[in-house]
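Okay, here's what each chain looks like letter by letter:
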Amino acid sequence: MPGFDSLLPRPVEVVPTAGDCAWPADVVVHRVDELPAEGYRLEITPGSVVISAADDSGEFYARQTLRQLIGPAAFRSASIHSGPVTLPCGVVTDHPRFGWRGCLLDVARNFRTKAEVLRFVDLLAAHKLNVLNLHLTDDQGWRIEVPRFPKLTEVGGWRTESMVGRHDEPVRDGRPHGGFYTGDDLREIVAYAAERAVTVVPEVDIPGHARAAIAAYPALGPNPDERLEVWTSWGISTSLLNAEESTVDFFRAVFDEVCSIFPSPVIALGGDEVPGSTERHSRFIREIIEHLHGHGRETLCWDEVLDVGDLPHPVVIASWQGEEAGVRAAAGGHDVVMCPEQHVYLDHRQSDHPDEPIPVGYLHTLEDIYGYEPVPLGMPPADEVRLRGAQAQVWTEHLDSARRVDYASFPRLSAFAEVVWSPAEGRDYAEFLPRLREHHVPRLDALGVEYRPLDGPHPWQTRPGVPGRAR
Ligand code: ACM
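Residues numbered from 1 in each chain as written. Predicted model: local features only at pLDDT ≥ 70, side-chain atom pairs only at ≥ 80, totals over all residues. Heavy atoms only, no water.

*Asks:* So what's going on with the pairing of strand E5 (residues 85–94)? Which residues, and what values?
*Replies:* Within E5, seven of the 10 residues are buried, which leaves it mostly tucked inside the rest of the structure. Relative to E5, strand E1 (residues 13–23) runs antiparallel, the two sharing eight bridges. Of the residues in E5, the one forming a bridge with Cys21 is Leu87. (Buried < 20%, exposed > 50% of the residue type's maximum accessible area, 1.4 Å probe, protein only. Helix = DSSP H or I, 4+ residues; strand = E, 2+ residues; numbered from the N terminus. Pairing = 2+ DSSP bridges.)

*Asks:* Just give me the short version of the pattern of salt bridges, but keep the residues and values in it.
*Replies:* All chains considered together, the criterion is met by 36 salt bridges. Close ionic contact of Arg41 with Glu34 constitutes a salt bridge, the shortest N to O distance being 3.4 Å. A salt bridge links Asp335 to Arg386; its shortest N-O distance comes to 3.1 Å. Of the two residues, Asp335 is situated in strand E16 (residues 335–338) and Arg386 in the loop between helix H10 (366–370) and strand E17 (387–394); the sequence distance between them amounts to 51 residues. For Asp335, a relative accessible area of 17% gives the class buried. Using a relative accessible area of 29% as the deciding quantity, one classes Arg386 as partly exposed. In the salt-bridge network here, residues are joined through shared partners; they are Glu245, Asp249, Arg252, Arg283 and Glu287. (Salt bridge = Lys/Arg side-chain N within 4 Å of Asp/Glu carboxyl O.)

*Asks:* Tell me about the packing of aromatic side chains, residues and numbers included.
*Replies:* Per the stated rule, a full pass over the model turns up 15 aromatic pairs. Through a chain of ring-to-ring contacts, three or more aromatic side chains come together here, namely Trp142, Phe149, Tyr217, Phe250, Phe251 and Phe284. Against the face of Trp421 rests Lys128, its NZ or CZ located 5.5 Å from the ring centre. A cation sits over an aromatic face here: Arg196 above Tyr192, 3.6 Å from the ring centre. (Phe/Tyr/Trp six-rings, centres within 6.5 Å; stacked < 30°, edge-to-face > 60°. Lys NZ or Arg CZ within 6 Å of the ring centre and 35° of its normal.)

*Asks:* Pulling in residues and values, what's your account of the packing of helix H2 (residues 114–126) against helix H4 (residues 183–194)?
*Replies:* In the contact formed by H2 and H4, the axes pass within 10 Å of each other and the chain directions differ by 15°. Taken together, the axes of H2 and H4 are roughly parallel relative to one another. Considering the relative orientation of H2 and H4, their crossing is right-handed. Residue-level contacts link Lys114, Val117, Leu118, Val121 and Asp122 of H2 to Asp185, Glu188, Ile189, Tyr192 and Ala193 of H4. In terms of residue class, the contact of H2 with H4 is built from six nonpolar, no polar and four charged. (Axes fitted to C-alpha atoms, helices over the stretch in contact; angles between N-to-C directions. Parallel < 35°, antiparallel > 145°, perpendicular 65-115°, else oblique. Left-handed = near helix turned anticlockwise from the far one by under 90°. Contact = heavy atoms within 4.5 Å. Nonpolar A, V, L, I, M, F, W, Y, C, P; charged D, E, K, R; others polar.)

*Asks:* Can you tell me about the side chain of His398, naming the residues and giving the values?
*Replies:* Counting through the fold element by element, His398 comes out in the loop between E17 and helix H11 (402–409). There is a polar contact of 3.4 Å between the side chain of His398 and the side chain of Arg166. Each residue touching His398, except ones within four places of it in the same chain, is listed here: Gly165, Arg166, Trp234, Ile358, Val360 and Arg404. (Polar contact = N/O pair within 3.5 Å; in protein donor to acceptor, adjacent residues only side chain to side chain.)

*Asks:* Quick rundown of the pairing of E17? Include the residues and the values.
*Replies:* Of all eight residues that make up E17, seven are buried, and the element is covered over most of its length. Bridge analysis of strand E6 (residues 100–106) against E17 gives six bridges, and the strand direction is parallel. Following the sheet pairing, Gly102 is matched in E17 by Gln391. Sheet topology note: the E16/E17 ladder contains three bridges and is parallel. The residue bridging Val336 from the neighbouring strand is Leu387, located in E17.

Note that all results are geometric; they support no functional claim without further evidence.
Encoded structure:
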């Protein structure tokens, strides 16, 4: 029987009491006012299980805690129980430290099927993460069907081949790649996520990272007479959207479609890595922020947008280039989600192990992720109210299958989940690591997650001969 000390993320407060509770037991659920948003109280006595929840999310999280206490078998797709199961008795009182506990999944660089996205939602939910930032468009692919502009997916959804690793000279695989989601696929993902207390925040990246759209509709690009391909390279394309009024109109219509599919109060417009951007591009970004505001939505922007100036409304800044941007954004009256690549980019390499597959970016070990503190150094306490939370990023240039996504994400995302849920006080890697190894890794096994083993990759998880580029 797993005890309360097996729980992950670690709850705010646990008071064990005497005895066990035979499972299955009747579960009684109450809605209560005195708990913080997403909070719950789980009271297990020898005769009953009572959940008091602030809201639907709180009830969902109480049930996740219960699932952990039942044992790893509760994470399988079907029951394989034969013998009796007991729960420890006690009271768990719990709520998250941050309201935005996010993970970005890049389905533009490497498409993930709808079934794979639904499974990823399950994994987020099992970790009490509550935002899936779905990166739907980029230079290398356009993944959201927009009925008014069918070529976005007919043309922009496919590329002829893909770059392999980070060789000095680009090496390509000669293999076509692509895919997209229909509006109904995305509505299904949104509804499935909502049932699991996860909000899907869609991202359509403008005015850079948009070469797939330009390949589909050359009039959107820098030179309407030039036929660009959906990009087969990784990196930062210098082909920007042209910011003509007709292009802004086009994207107003695209974001209308986005808003019709995604009820999220926050919609992401990208805004990152815009080489050679002009005041026209800044105006483009301001226009789309205004347009989303007209839909009653807030806009999530990467931190480059802080330099756009004259923003018509406060936005939510995703502080990715470091922590300083988040401090600056909060001081300027914007809310902040901390996403610094120096700390929480899960496509970045996990170790200096010689077999680490395609090791790119900064070194982010499991211990580094667990040690990440979302409140940035230098943020005045008065500005901390602007900090909505933090988000891990799973960019997929070098993650070309769901198995590679599993490897990059877990168990580092398990550590991240605890960072954004649990109180900072008492966070101790020496306590976390055995809890992860003995109790949580078996849950990942039961879920069928192909995580990175704590001692290094399995032989079949390596990518010999495919170089990365470490920073
Ligand atoms: C980013 O990593 N370009 C947000």
